Every structure is written in structure tokens, then in C-alpha cells.
Amino acid sequence: KKIDSALYFAEQCLLITKRNDKKLSEAACLNVKGLCLRHLGRYSEALQCNLEAFEIANDPGSEKDFWPLSSLGLRYTGNTHHASRLIVLGNLHMQMANVFIRAGNKDLCIYHFARAEKFAHDINGYYFLYYLYATMGIAYKNMNKADSAMSIEQKALALSTQYGIKEKVSRILTYMGEIHLSNSNVDTARKFYH
């Protein structure tokens, strides 16, 4: 039910961005709509939303009429409209990675995660990078790459600690517990869960 509601609101936001000719905001809304569709198991529709959003966000001209994303933990001294476009592109790559892992295409999943990571580093977006690493770690666990998954989650934990994202530390510790549990390290997993 909540995903259906989220999809409805994403579609309403999409209408508002189109009506106001906010191209990059439209791409961001398409990304959210794609996320909702992915959670509903409608992968081909999610992929189509992401491809439409990529077409918009790849155009530097889409930056000009955009509601900037100012609360994403940016340590960026340049144009915030440009940074917002890179965040949208990074999020799109992250969503594409999540679609491809569910489709069983590990190579494309890894490719899109790497592209998302590049955008996060380009703008020093520590909050986005934290979120990306948290997501990547679980994806790598699901690809049976436990060592890589743990290393990535440790990066997420370091960022959440370094930048005071305290409410996210427990999430990362839970993910780390899941990774240990997937390797049948029950006692170690229990320590992380605790």
C-alpha cells in the first residue's frame, strides 16, 4: 500500500515538474517513480523511467531551471545546480545497478555502481556516498561477494561516523551482521546485531 501511495505522489510531482518546465526536477521525479516501480517488481517500467531520466539529466542545459538539492551533505564549492545534476545522475546509476542485480546482470550492476561512486566523489557528496556504499554492500552480499560487501559497508560506517550521521550507524551495523550471517558466522553476526 505505501509503495502504491509513493508511486502516486511521484507521478503527481512529475506532473508539477512538467507543468513548470523544471527538466532536472523531472528527471529526479522519474528516478523516484522508477524506484517505486522497482519495489513493485515492475522492472521493465522502472528501467524505462531511468532511461527517460538519463536522457534529461545528461543534458547540461537541464540545470538552468531546477529546484536545487541543498540538503544532501555536499562539500561542494561550485554551482549547486551543477552539483544537483550530478546527484541526479549518481542516483540514476545507483537505481540502474539495483535493477540490474535483480535482473541477474552482475556486470551492469557493478558498472552502474562505479559510475554512481564517481559522481559522488566529483561533488564530495558524503551523504550520497554513505547511502551508495550502504546500498552497494548489500548488493555485493547478494552477489556472494562477502569480502567486498564488508569492505564497502566499512566505508559507509566510517562516513556515517565521520560526518555525524548517527541515525544511520545502526543500519550499517545491521547490514554488516547480515553479511556475517550469510557466511554462517552466527556469533559474529549476533555481535553486530547487538
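Quick note: structure is the one above.
If you're wondering where the values come from, they're calculated on a predicted model, not measured in any experiment. (Residues numbered from 1 in each chain as written. Predicted model: local features only at pLDDT ≥ 70, side-chain atom pairs only at ≥ 80, totals over all residues. Heavy atoms only, no water.)

Colleague: Lay out the overall build of the protein with the relevant residues and their values.
Modeller: When helices and strands are tallied, the protein shows nine helices and zero strands. Along the protein, from the amino end to the carboxyl end, the secondary structure elements read α-α-α-α-α-α-α-α-α. Taking 16 Å as the expected radius of gyration for a compact globule of 194 residues, we find that the protein reaches 17 Å, a close match to that expectation. Looking at the protein as a whole, 45% of its 194 residues qualify as buried. Working note: accessible area of the protein is about 10,200 Å², and carbon and sulfur atoms make up 51% of it. (Helix = DSSP H or I, 4+ residues; strand = E, 2+ residues; numbered from the N terminus. Rg over C-alpha atoms; globule rule 2.2 N^0.38 Å. Buried < 20%, exposed > 50% of the residue type's maximum accessible area, 1.4 Å probe, protein only. Areas by Shrake-Rupley, 256 points an atom, 1.4 Å probe, with all protein chains shown as cover.)

Colleague: Mind laying out the pattern of salt bridges, listing which residues take part and the relevant values?
Modeller: Close approach of charged atoms allows side chains of opposite charge to pair. As enumerated under the stated definition, the model contains six salt bridges in all. The partner of Glu11 in a salt bridge is Lys33, with the nearest N and O atoms 3.7 Å apart. Of the two residues, Glu11 sits in helix H1 (residues 2-19) while Lys33 sits in helix H2 (residues 23-39), which places them 22 residues apart along the sequence. The exposure class of Glu11 is partly exposed, given its relative accessible area of 31%. Residue classification places Lys33 among the buried positions, given a relative accessible area of 19%. A salt bridge links Glu63 to Arg85, with the shortest nitrogen-to-oxygen separation between them at 2.6 Å. Within this pair, whereas Glu63 is found in the loop between helix H3 (43-57) and helix H4 (80-102), its partner Arg85 is found in helix H4, the two being separated by 22 residues in sequence. Side by side, Glu63 and Arg85 carry an identical accessibility label, which is buried. (Salt bridge = Lys/Arg side-chain N within 4 Å of Asp/Glu carboxyl O.)

Colleague: Explain helix H5 (residues 106-122) residue by residue, including any values.
Modeller: Structural remark: α-helix, 3.6 residues per turn; residues separated by three or four positions point the same way. Helix length check: H5 (17 residues) gives 24 Å between terminal C-alpha atoms against 24 Å at 1.5 Å per residue, within 8%. Among the residues making up H5, those that are buried are Cys109, His112, Phe113, Ala116, Glu117, Phe119 and Ala120. Take H5 and look down its axis: the buried residues cluster within an arc of 160 degrees, on one side only. Those residues of H5 that are buried are in contact with H4, helix H6 (126-142) and helix H7 (146-162). Two to three positions downstream of the cap, the backbone nitrogen of Asp107 sits 3.4 Å from a side-chain oxygen, assigning the N-cap of H5 to Asn105. (Expected span 1.5 Å × (residues − 1). Arc of directions from axis to C-beta. Contact = heavy atoms within 4.5 Å. Polar contact = N/O pair within 3.5 Å; in protein donor to acceptor, adjacent residues only side chain to side chain.)

Colleague: Which residues make up the packing of aromatic side chains, and what values go with them?
Modeller: The full count for this structure, using the stated rule, is three aromatic pairs. Judged by centre distance (5.2 Å) and plane angle (75 degrees), the ring pair of Tyr8 and Phe9 falls under edge-to-face. Centroid distance Tyr127 to Tyr130: 5.8 Å. Interplanar angle 50 degrees. Geometry classified as tilted. Taken as a pair, Tyr127 and Tyr130 lie in helix H6 at a separation of three residues, close to a single helical turn. By relative accessible area, Tyr127 is classed as partly exposed at 27%. Under the relative-accessibility criterion, Tyr130 is labelled buried at 0%. Sitting over the face of the ring of Phe119, Lys118 holds its NZ or CZ atom 5.9 Å from the ring centroid. (Phe/Tyr/Trp six-rings, centres within 6.5 Å; stacked < 30°, edge-to-face > 60°. Lys NZ or Arg CZ within 6 Å of the ring centre and 35° of its normal.)

Colleague: So what's going on with the environment of Gln95? Residues and values would help.
Modeller: Tracing the backbone shows Gln95 in helix H4. For the pair Gln95 and Ala83, spaced twelve residues apart in sequence, the C-alpha separation works out to 18 Å. For Gln95, the residues in contact, after removing those within four places along its chain, are Asn31, Leu35, Arg38 and Asn50.

Colleague: Can you explain the packing of H1 against H2? Please cite residues and give values.
Modeller: Where H1 meets H2, the axes come as close as 9 Å, and the angle between the chain directions of the two elements is 160 degrees. The angle between the axes of H1 and H2 places the two elements in the roughly antiparallel class. Crossing geometry of H1 relative to H2 is assigned as left-handed. Of H2, the residues touching H1 (which contributes Ile3, Ala6, Leu7, Ala10, Glu11, Cys13, Leu14, Thr17 and Lys18) are Ser25, Glu26, Cys29, Leu30, Val32, Lys33, Cys36, Leu37 and His39. Split into classes, the residues belonging to the contact of H1 with H2 amount to eleven nonpolar, three polar and four charged. (Axes fitted to C-alpha atoms, helices over the stretch in contact; angles between N-to-C directions. Parallel < 35°, antiparallel > 145°, perpendicular 65-115°, else oblique. Left-handed = near helix turned anticlockwise from the far one by under 90°. Nonpolar A, V, L, I, M, F, W, Y, C, P; charged D, E, K, R; others polar.)

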